[in-house]
Amino acid sequence: MQVTKRRKMGGEVVEEENADLNTSFIRRGDASEVDLLERTGTTWTAVAHVLTGVAGIGVLSLAWSVAQLGWILGPLCTIIFAAVTLFSSFLLAECYRHPDPEHGPIRNKSFMEATKLYLGDKHHAVFGFLVQFTIFGMAVVFTSTAGSSLRAIQQSNCYHKYGHDAPCQYGDNLYMMLFGFIQIFLSQIPNFHSTRWISVTSLVMSLCFSFIGIGLGLAKVIENGTVKGSIKGVSRSDSARKIFVIFTALADIAFAYPLAIILFEIEDTLKSPPPVNKTMKAALTVALSITALFYLSYGCIGYAAFGDSTPENLLTGFGFYEPYWLVDFANACVVIYLMGAYQIYGQAGFSMLERGFRERFPDSRLLDKSYSLKFPLLPTTQMNLFQACFRALYVVIATVIAITFPYFTSVIGVLGAIIFWPFSAYAPVQMYLVQRQVRTWSRKWILLTAFSVVGFVITVIGIVGSLEELVRAKIN
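Since this is a predicted model, take the numbers as computed values, not measurements.

Asks: Can you walk me through the overall build of the protein chain in this structure?
Replies: Assigned secondary structure in the protein chain consists of 14 helices and eight strands. Burial status across the protein chain gives 51% buried among its 476 residues. In the protein chain, once contacts between residues fewer than 6 apart in sequence are set aside, the share between residues at least 24 apart is 75%.

Put into structure tokens, the structure is as follows:
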């Protein structure tokens, strides 16, 4: 049995870990409180978790991305980004246990724990900011996408009733405000993210709207009787404009593989033996292979159906009018998915920020005082006034930004580009170098550093292209 002792204010904390039973016993203070954590995860449960974490609204822009890159670069880049994600995830999987990747006594149960252990306090602070930026950016993207999906439902019904040439043009702002209003209330429910049914529902909804998009695209290809598109992608009269659009497309594809932030949490659920790093690698290989095949199908079929006219979002760009009820159902699935995903990401961000406030102001009565409230159809809950106001303000700011910049591909391009290098290249490489004590200027060090540099270049060109698209869209 491996025993690790740590001192904290208020008593001694002793953590005992039994690798054979896959359990951790944590005693706090005078042993009056004992937590039992049992790890029972397998390869297939990890596959399900990875698919839940990766599958999302990033798939909606893939057809547009493939259209900008063309029939060669589009599918190739989709596969390359999947391979990059798989490789960087392999590096992170090796860093879950320390110092030995298979039998090390220290477990990194989250990405932030790992950054502090391997990279130090300064990196921990920087990545803490980046994690919060990512979570807030997700809230903005979710709000914008929900607004466009709700608007698309209204448009779809209008086109069905009055014809495809009817002036069925509606704005997104009201729907974004409605979505934000709902999220203000959902955000007040404590520990909302810990309920399993949210993840299950989100995965089911994601699969539903994705498969509907693939099915509608395939039906459109059959209806057209030809495969549209070209090797060079959508033609542009201005070569500089074409380059910026390609950069944005690359950033959008990068956004579709958000895995690093949640990888350690998934690996922490796995039982051993076999060693968890090997189980995690097997799960990653299966899950990302499925994801890549799925993304290729969605992106390529969408491009084959519409060619140069491929919309930014297949389900809201009205390439499909009929059957209108299926288009409505797909967009409803998107909205339901976004409601759950907003809370899955948002609650993690809320808890980190609120914990920081409590550590900074430990004696504040505002942070500690709670009130009992009863929501319809929900049990009585304890609500903290600061928490309620802070979370409401958080949602309001995200909603205002989404209304100000309602440009789907540009916004997710900026977000995808900013987070790609830190989480998919730099952190995995640096952690692995420390974990394996790789000698500077050795062959392995040079190759891994080159991998990180290439990731940095992709981030830079993605940011440049997406910001140019965002500014251009705002001005126009």
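Asks: Is there a simple way to think about a nonpolar patch on the surface in this case?
Replies: Taken together, the side chains of Val453, Phe456, Val457, Val460 and Val464 define a hydrophobic patch exposed on the protein surface, amounting to about 380 Å² of accessible area. By secondary structure assignment, the location of Val464 is in helix α14 (residues 443–475).

Asks: What is the right way to look at the packing of aromatic side chains in this model?
Replies: Two aromatic rings are characterised by how far apart their centres lie and by the angle between their planes. Under the definition given, this model contains 24 aromatic pairs. Pairing Phe81 with Phe420 gives two aromatic rings, centres 5.5 Å apart and planes at 70°, and the pair type is edge-to-face. In this pair, Phe81 is assigned in helix α2 (residues 62–93) and Phe420 in helix α13 (residues 408–435), connecting sequence segments 339 residues apart. For Phe420, a relative accessible area of 4% corresponds to the buried category. Note on Phe350 and Tyr394: the rings are 5.0 Å apart at their centroids and 85° apart in plane angle, and the pair reads as edge-to-face. Taken together, the positions of Phe350 in helix α10 (residues 324–360) and Tyr394 in helix α12 (residues 385–404) put the pair 44 residues apart, joining distant regions of the chain.

Asks: Quick question: what am I supposed to make of the pattern of salt bridges here?
Replies: Pairing is possible between side chains of opposite charge, provided their charged atoms come close. Under the criterion given, the structure shown has seven salt bridges. The closest approach of N and O atoms between Lys281 and Glu94, which form a salt bridge, is 2.7 Å. Of this pair, Lys281 sits in helix α9 (residues 276–306) while Glu94 sits in the loop between α2 and β5 (97–98), and the two are 187 residues apart along the sequence. For Glu94, a relative accessible area of 5% corresponds to the buried category. In this structure, the salt-bridge partner of Lys278 is Glu102, at a minimum N-O distance of 3.6 Å. With Lys278 in helix α9 and Glu102 in the loop between β5 and β6 (106–107), this residue pair connects regions lying 176 residues apart in the sequence. Sharing partners across several salt bridges, the network here consists of Glu94, Lys281 and Arg436.

Asks: Explanation requested: the confidence of the model for the protein chain in the structure shown.
Replies: Looking at the protein chain as a whole, the pLDDT averages 85, with 89% of positions reaching at least 70. Taken element by element, the predicted model of the protein chain shows its lowest mean pLDDT in strand β1 (residues 2–8) (39) and its highest in α2 (95). Between residues 1–21, whose pLDDT stays under 50, and residues either more than four places distant or in other chains, the model counts 49 contacts. When the criterion is pLDDT under 50, residues 24–36 qualifies, and its contacts beyond four places in sequence or with other chains add up to 31 contacts.

Asks: Explain the packing of helix α4 (residues 121–162) against α10 here, please?
Replies: Helix-helix packing is characterised by the crossing angle of the two axes and by the distance between the axes. Here α4 crosses α10 at 160°, and the two axes come no closer than 9 Å. It follows that α4 is roughly antiparallel to α10 by the angle criterion. When the axes of α4 and α10 are compared, the crossing they make is left-handed. For the contact of α4 with α10, the per-class residue count stands at 21 nonpolar, 10 polar and one charged.

Asks: Is there a simple way to explain α4 in this structure?
Replies: Since one α-helical turn is 3.6 residues long, residues separated by three or four positions face the same way. Taking 1.5 Å of rise per residue, the 42 residues of α4 would be expected to cover 62 Å, and the 61 Å separating its terminal C-alpha atoms lies within 8% of that figure. Phi for Gly163, located one or two positions after α4, is positive at around 105°.

Asks: Looking at this model, I keep getting lost on α10. Mind explaining?
Replies: Over its 37 residues, α10 runs 53 Å from end to end, which matches the ideal 54 Å to within 8%, given 1.5 Å per residue. Considering bend angle alone, the principal kink of α10 is centred on Gly346 and spans about 25°.

Asks: In this structure, what is going on with the state of the cysteines? I would like to understand it.
Replies: In protein chemistry, a disulfide is the covalent bond that joins the sulfur atoms of two cysteines. For the coordinates displayed, the defined rule picks out one disulfide. Linked covalently through their sulfurs, Cys158 and Cys168 form a disulfide whose S-S length is 1.8 Å. Disulfide Cys158 to Cys168: torsion about the S-S bond roughly -70°, handedness left-handed. In this pair, Cys158 is assigned in helix α4 and Cys168 in the loop between α4 and α5 (173–186), connecting sequence segments 10 residues apart. Cys158 sits in the buried class, given a relative accessible area of 9%.

Asks: Where do I start with the environment of Gly465 in this structure?
Replies: Along the polypeptide, Gly465 turns up in helix α14. When its relative accessible area of 0% is taken as the criterion, Gly465 is described as buried. Sequence-wise, Gly465 and Ala249 are 216 residues apart; in three dimensions their C-alpha atoms are separated by 8.5 Å. Look past the residues within four positions of Gly465 in its chain and what remains in contact with it is Phe244, Phe247 and Thr248.

Asks: For this particular structure, what's the right way to read the side chain of Arg107?
Replies: Within the fold, Arg107 resides in strand β6. By relative accessible area, which is 8% here, Arg107 ends up buried. At a separation of 2.8 Å, a polar atom in the side chain of Arg107 contacts the side chain of Tyr96.

How each quantity is defined
Residues numbered from 1 in each chain as written. Predicted model: local features only at pLDDT ≥ 70, side-chain atom pairs only at ≥ 80, totals over all residues. Heavy atoms only, no water. Helix = DSSP H or I, 4+ residues; strand = E, 2+ residues; numbered from the N terminus. Buried < 20%, exposed > 50% of the residue type's maximum accessible area, 1.4 Å probe, protein only. Contact = heavy atoms within 4.5 Å. Patch = residues over 30% accessible without salt bridge, like charges linked within 9 Å, V, L, I, M, F, W, Y side chains within 5 Å. Areas by Shrake-Rupley, 256 points an atom, 1.4 Å probe, with all protein chains shown as cover. Salt bridge = Lys/Arg side-chain N within 4 Å of Asp/Glu carboxyl O. Phe/Tyr/Trp six-rings, centres within 6.5 Å; stacked < 30°, edge-to-face > 60°. pLDDT = per-residue confidence, 0-100. Axes fitted to C-alpha atoms, helices over the stretch in contact; angles between N-to-C directions. Parallel < 35°, antiparallel > 145°, perpendicular 65-115°, else oblique. Left-handed = near helix turned anticlockwise from the far one by under 90°. Nonpolar A, V, L, I, M, F, W, Y, C, P; charged D, E, K, R; others polar. Expected span 1.5 Å × (residues − 1). Bend = angle between axes of the 7 residues up to and from the residue. Disulfide = S-S within 2.5 Å. Polar contact = N/O pair within 3.5 Å; in protein donor to acceptor, adjacent residues only side chain to side chain.

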